[in-house]
Amino acid sequence: MDLGLANATAVVQGGTQGMGRSAAVCFAEDGARVAVLARTKTDLDATTELLRAKGSPDTIALQADITDDEQVRRAFDEVGERWGELNILVNATGPGSPGGFEDLTDEQWSEAIDVGAMGMVRCVRAALPLLRRADWARIVNVSAHSTKRQSPSLTAYTAAKSMMTSVSKNLSVALAPEEILVNTVSPGSFATETLKGWARSAGIDADDLYAIMSGIDEHFGHPAHMPRAGDPHEIGPVIAFLASRRNSYMTGANVNVDGGSDFC
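The rules behind the values
Residues numbered from 1 in each chain as written. Predicted model: local features only at pLDDT ≥ 70, side-chain atom pairs only at ≥ 80, totals over all residues. Heavy atoms only, no water. Buried < 20%, exposed > 50% of the residue type's maximum accessible area, 1.4 Å probe, protein only. Helix = DSSP H or I, 4+ residues; strand = E, 2+ residues; numbered from the N terminus. Pairing = 2+ DSSP bridges. Salt bridge = Lys/Arg side-chain N within 4 Å of Asp/Glu carboxyl O. Axes fitted to C-alpha atoms, helices over the stretch in contact; angles between N-to-C directions. Contact = heavy atoms within 4.5 Å. Core = buried A, V, L, I, M, F, W, Y, C linked by side-chain atoms within 4.5 Å. Right-handed = clockwise from strand over helix to strand, strands pointing away.

*Asks:* I keep staring at the pairing of strand β4 (residues 88-91) and nothing clicks. Help me out?
*Replies:* Alternating residues of β4 divide into Ile88 and Val90 and Leu89 and Asn91, and every residue in both groups is buried. By the bridge criterion, four bridges tie strand β1 (residues 9-13) to β4 in an arrangement that is parallel. Following the sheet pairing, Val11 is matched in β4 by Leu89.

*Asks:* Looking at this structure, I do not really get the pattern of salt bridges. What am I missing?
*Replies:* Oppositely charged side chains can form a pair if their charged atoms are brought close together. Taken as a whole and judged by the stated rule, the model has nine salt bridges. One salt bridge connects Arg82 with Asp58, and the closest N-O pair in it is separated by 2.5 Å. Linking Arg82 in helix α3 (residues 69-83) with Asp58 in the loop between α2 (41-54) and β3 (60-63), this pair joins segments that are 24 residues apart in sequence. Overall, Arg82 belongs to the partly exposed group, its relative accessible area being 43%. A residue is classified by how much of its surface remains accessible, and Asp58, at 19% relative accessible area, is buried. Among the charged side chains, a salt-bridge network with shared partners connects Asp69, Arg73 and Arg125.

*Asks:* How do you make sense of the sheet that holds β3 when you look at a structure like this?
*Replies:* In a beta sheet, neighbouring strands are held together by backbone hydrogen bonds and run either parallel or antiparallel to one another. Judged by pairing direction, the sheet is parallel, and its seven strands sit side by side in the order β3-β2-β1-β4-β5-β6-β7 without closing on themselves. The open sheet has two edge strands, β3 and β7 (254-257), and neither has a second partner. Within this sheet the neighbouring strands show an average axis-to-axis angle of 20°, counted without direction. Relative to β3, strand β2 (residues 33-38) runs parallel, the two being bridged by four bridges. Pairing of Ala38 across the sheet is with Gln63, part of β3. The sheet strands contacting α3 are β1, β2, β3 and β4, and the helix crosses β3 at an angle near 160°.

*Asks:* Is there a simple way to explain the nonpolar core in this structure?
*Replies:* Nonpolar side chains in soluble globular proteins tend to be buried together. The biggest cluster of nonpolar side chains holds 32 residues, and the ones touching the most others in it are Leu5, Phe27, Val34, Ile88, Val90 and Ile239. Within the residue set of this core, elements represented by two or more residues are β1, α1 (18-29), β2, α2, β4, β5 (137-142) and α8 (236-242). Core analysis: the second largest hydrophobic core is formed by 31 residues, Val115, Cys123, Leu131 and Leu171 among them.

*Asks:* What should I look at first to understand the pairing of strand β6 (residues 180-187) in this one?
*Replies:* A regular strand carries its side chains on alternate faces of the sheet. In terms of burial, β6 is largely enclosed, as eight of its eight residues are buried. Residues of β6 alternate between two faces, with Ile180, Val182, Thr184 and Ser186 on one and Leu181, Asn183, Val185 and Pro187 on the opposite face, all of them buried. Where β5 lies against β6, six bridges are found, and the strand directions are parallel. Bridge pairing in β6 links Val140 to Asn183. Where the polypeptide runs from β5 across helix α5 (residues 155-175) and back to β6, its parallel neighbour, the crossover connection is right-handed. With four bridges joining them, β6 and β7 adopt parallel strand pairing. If you follow Val185 over to β7, its bridge partner there is Val255.

Encoded structure:
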């Protein structure tokens, strides 16, 4: 399906890995101009090369730390100078800081909130003037299904994602009069590099999506109706639809992409 993204402009924060990269590829394949925002230059270089090969006519690498407001503002200033406006903002960076309540330090709590929630806040704040200049605009924030199915081993992570989801809902209300649509995607167990790293440490074949889901069931008790974990490539099209002109009336939604785990 043509998503109407030819020559649209998109910034994907956290677009060099996992689900963010998957969304960026979908935008590129549909002919959008894609800017990828991340900290690591080597990852940015590899991703922008891929996006050009996939069909993005004007790809930008934005090197910035989302915990630094000045760096974020400079990155979006560069977008404004290059394109003048922005149609799409995707926030896909996830916080680290796994651990139970009694294991986490104040610093780990602060880091999780700073990366997982405030990073999104900084990017939206810097992007809004550009989004308002465009004929149409969308914001998609990548949250997590653990906000609905709590896990004692992801206390700070889930708190940060819950904040992101709440702020997104509030933004959808605030920006609706301007017809800037704001939605959230809540992934379930996807075989990102982080999850694969856990699988390897647990002696699980990190390339076997079925083995990963079996391990999740055994260690965390979070199964899904689907017998396997998700591949990051499977969530990109969902993000791309929500961020596209084809989505013209959905705002304030939190879309589960979790293999049915929300209903187990």
